[in-house]
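Topology and contacts: notes
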Amino acid sequence: MINRRHFLTTVAIGTASAAALAACGSPAPSQTGSAENPVTINYTWWGNDDRAERTRKAIALFEAKNKDIKVNGNFTDFAGYWQKRATEAAGGGLPDVMQWDLSYLRDYGQRNQLLDLGTVKINTDAFDKSLLPSGQIRGKTYGIPTSTNAFAVYYDPAKLASLGIAEPDGTWTYKEYNDFLAEVGAKGNGALFGGTDYTGVWWMFNIWLRQNNIQAFTEDGKLGFSKDDLKKWWNQAAALRGTPAIVSEERVTQLAPKSPFGSNVTATEVTWDNFMAGYLGDSGAKELRLVPVPSDDKDNLGLFLKPSMLMVASAKTKNKDAAARFIDFMVNDPEVGQIFKTSRGVPASKTQRDGTTFEGTDKLVVDYEKSIEKYLKDAPEPPIVGFGTLEASFKRVSSDLNYGKLTIDGAADAWFKEAEDLIKQNA
């Protein structure tokens, strides 16, 4: 297996004839340009100023190498990004090319709002074949990963040393992980907790399901696990809630928007590996380390490479060939890899990854993904329609569980009702 992991925009305005073609389900004809009269495509992404600066450099590089295409781009924060896309989709005016999140791929792809990228020329030879299904729906490719990330347990070695606790090597069962969190909390004297409640993280639950050979979702868009499965999962940390092993939900709320780990309130955190730079910046720690998540089956850690983001195109773009060339460039060009490093995640294309020099924080993330290579399984297909809502409700219900507002049985009943209602609405 190959080693890897992890706005406000102008809207393409179609002509009346293009709109008519789109209404019939036929794509608008693709246009070609020249250096003297380049075609223009619109590109949109989310992120902060750092990502914007890197993206603009990549766009300038693309335009220098493709003088027959001009790229207009802009960006916004993550929440505003999806509000804008929903408005554009309702009006039939999605931008030509878009940065995309796996959680929303099925919502738009299944409704024929994204271009089948299998109909255009994009080179995926340098991509791990286990990763590509994450951008596919019912045999069609709607998204190409730019980069990957994987789940990990972060820890601060200096904090553990100050407590006289040995560093973990990542070969632990859930009981051993719970015991570790309890030991940190007991020795932290109220100033340092073991971690946050890892059972409140959807993707950690997904990994636990995979460790037990249970699907999160079925091919027909239903839940692949039972209410009893969810109860068993939330029971994993039942003995830790209300103890120094897990930071209280009240404290988590007080610390927001920073995480407890980034605020130096916990010694560990379970999340995606490409958060390394953010955690180092927030905490001021000299060093942070990554190890695999716990599992009761030492041969099945349930780990996979998730696209930290994907590139997609509008089904109604008038310039699908230009859009395809831009996507191919953004995911494969080695110079683009040098621009982004691991700020988007570890480059998904081996060509791009091999052409990138990783040092410091970037190297830590790349090395972690290399270390878990033998445990990686195929990435899951895009989640069901409405998954973003389900993930948010999972976090909210887990929070109520930690506040003591719900029992485990009540939490499972509440989340399943929301999930089943949503699935029924989108059937």
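Looking up the protein in an unreviewed UniProt entry gives the name ABC transporter substrate-binding protein, with the organism given as Pseudarthrobacter humi.

1. Looking at the side chain of threonine 148
Within the element layout of this structure, threonine 148 appears in strand β6 (residues 144-149). A polar contact of 3.2 Å, which involves the side chain of threonine 148, links it to the side chain of glutamate 369.

2. Thoughts on the nonpolar core
With 125 residues, the main nonpolar core has Trp100, Trp202, Trp233, Trp234, Phe326 and Trp415 as its most contacted residues. For tryptophan 415, the contacting residues outside a window of four places in its chain are Trp202, Leu223, Phe225, Leu230, Trp234, Leu390, Ser393, Phe394 and Val397.

3. Topic: the environment of alanine 411
Structurally, alanine 411 is set in helix α16 (residues 408-425). For alanine 411, a relative accessible area of 0% translates into the label buried. For the pair alanine 411 and leucine 401, spaced ten residues apart in sequence, the C-alpha separation works out to 6.5 Å. With sequence-adjacent residues up to four places away left out, alanine 411 is seen in contact with Trp234, Val397 and Leu406.

4. Looking at the packing of aromatic side chains
One pass over the full model with this rule turns up 45 aromatic pairs. Their ring planes at 80 degrees and their centres at 4.9 Å tell us that tyrosine 81 and tryptophan 82 sit as a pair that is edge-to-face. Each member of the pair, tyrosine 81 as well as tryptophan 82, carries the same accessibility label: buried. Considering the side-chain rings of tryptophan 202 and phenylalanine 394, the 5.5 Å spacing of their centres and the 85 degrees angle between planes classify their relative orientation as edge-to-face. One end of the pair, tryptophan 202, is in helix α7 (residues 202-211); the other, phenylalanine 394, is in helix α15 (residues 387-403), with 192 residues separating them in the sequence. Across the pair, phenylalanine 394 and tryptophan 202 agree in class, each one buried. The ring of tyrosine 81 has arginine 85 lying over it, and the distance from NZ or CZ to the ring centre is 4.4 Å.

5. Describing the packing of α15 against α16
Where α15 meets α16, the axes come as close as 10 Å, and the angle between the chain directions of the two elements is 165 degrees. With respect to their mutual orientation, α15 and α16 come out roughly antiparallel. Two packed elements cross with a definite hand, and for α15 against α16 that hand is right-handed. Each of Thr389, Leu390, Ser393, Phe394, Arg396, Val397 and Leu401 in α15 lies in contact with α16, whose residues at this interface are Ile408, Ala411, Trp415, Glu418, Ala419 and Leu422. Split into classes, the residues belonging to the contact of α15 with α16 amount to nine nonpolar, two polar and two charged.

6. A look at the layout of surface pockets
Considered as a void within the structure, the second largest pocket measures approximately 480 Å³ in volume. Along the wall of the second largest pocket there are 21 residues; nearest its centre are Gln215, Ala216, Phe217, Pro380 and Glu381. Here the lining of the second largest pocket is composed, by residue class, of twelve nonpolar, three polar and six charged.

7. Regarding the sheet that holds strand β2 (residues 69-76)
Pairing within the open sheet is mixed, and its six strands lie in the order β2-β1-β3-β10-β6-β11. Among the strands making up the open sheet, the edge pair consists of β2 and β11 (346-347). Along the sheet, helix α11 (residues 320-332) makes contact with β1 (39-46), β2, β3 (97-100), β6 and β10 (306-313), crossing β10 at roughly 160 degrees.

8. Regarding the pairing of β3
The two faces of a sheet get side chains in turn, since along a regular strand they alternate between them. Neither face of β3 is open: one carries Val97 and Gln99, the other Met98 and Trp100, and all of them are buried. Pairing between β1 and β3: two bridges, direction parallel. Opposite threonine 44, over in β3, you have methionine 98 as the bridge partner. Note: β3 against β10, four bridges, orientation antiparallel. Counterpart to valine 97 in the pairing with β10 is alanine 313.

9. So, the sheet that holds strand β8 (residues 268-272)
Strand order in the open sheet formed by three strands is β8-β7-β9, and the pairing between neighbours is antiparallel. Looking at strand neighbours, the two that pair on one side only are β8 and β9 (289-291), the edges of this open sheet. Pairwise comparison of adjacent strand axes, ignoring direction, gives a mean angle of 35 degrees for this sheet. Here five bridges tie strand β7 (residues 151-155) to β8, and the two strands are oriented antiparallel to one another. Each bridged residue has a counterpart across the sheet, and for tyrosine 155 the counterpart in β8 is threonine 268.

10. A closer look at empty space enclosed by the protein
If you add up the space inside the largest cavity, you get close to 30 Å³. What lines the largest cavity is simply Tyr43, Thr55, Gln99, Thr146, Met309, Met311, Phe340 and Arg344. Within the lining of the largest cavity, the residues separate by chemical class into four nonpolar, three polar and one charged.

11. Quick word on helix α14 (residues 360-371)
Compared with an ideal rise of 1.5 Å per residue, which puts twelve residues at 16 Å, α14 spans 17 Å between its outermost C-alpha atoms and is within 8% of the ideal. Along α14, the residues classified as buried are Asp362, Val365, Val366, Tyr368 and Glu369. The buried residues of α14 all sit within an arc of 155 degrees when viewed along its axis, so they share a single face. In this fold, the buried residues of α14 make contact with β6, β7, α10 (276-283), β9 and β11.

12. Some points on the packing of α7 against helix α8 (residues 227-235)
Pairs of packed helices are described in terms of their axes, by the angle between the two and the distance that separates them. With their axes 11 Å apart at the nearest point, α7 and α8 run at an angle of 115 degrees to one another. The orientation of α7 relative to α8 falls into the category roughly perpendicular. As for how α7 packs across α8, the hand of that crossing is right-handed. For the pair formed by α7 and α8, the contact residues are Met204, Phe205 and Trp208 on the first element and Asp229, Leu230, Lys232 and Trp233 on the second. Here the residues of the contact of α7 with α8 are counted per class, giving five nonpolar, no polar and two charged.

Rules behind the numbers
- Residues numbered from 1 in each chain as written.
- Predicted model: local features only at pLDDT ≥ 70, side-chain atom pairs only at ≥ 80, totals over all residues.
- Heavy atoms only, no water.
- Helix = DSSP H or I, 4+ residues; strand = E, 2+ residues; numbered from the N terminus.
- Polar contact = N/O pair within 3.5 Å; in protein donor to acceptor, adjacent residues only side chain to side chain.
- Core = buried A, V, L, I, M, F, W, Y, C linked by side-chain atoms within 4.5 Å.
- Buried < 20%, exposed > 50% of the residue type's maximum accessible area, 1.4 Å probe, protein only.
- Contact = heavy atoms within 4.5 Å.
- Phe/Tyr/Trp six-rings, centres within 6.5 Å; stacked < 30°, edge-to-face > 60°.
- Lys NZ or Arg CZ within 6 Å of the ring centre and 35° of its normal.
- Axes fitted to C-alpha atoms, helices over the stretch in contact; angles between N-to-C directions.
- Parallel < 35°, antiparallel > 145°, perpendicular 65-115°, else oblique.
- Left-handed = near helix turned anticlockwise from the far one by under 90°.
- Nonpolar A, V, L, I, M, F, W, Y, C, P; charged D, E, K, R; others polar.
- 1 Å grid on protein atoms, 1.4 Å probe; cavity = no way out; pocket = protein on both sides within 12 Å on 5 of 7 lines; lining within 4 Å.
- Points joined across faces, edges and corners; volume = space filled by probe spheres on them.
- Pairing = 2+ DSSP bridges.
- Expected span 1.5 Å × (residues − 1).
- Arc of directions from axis to C-beta.

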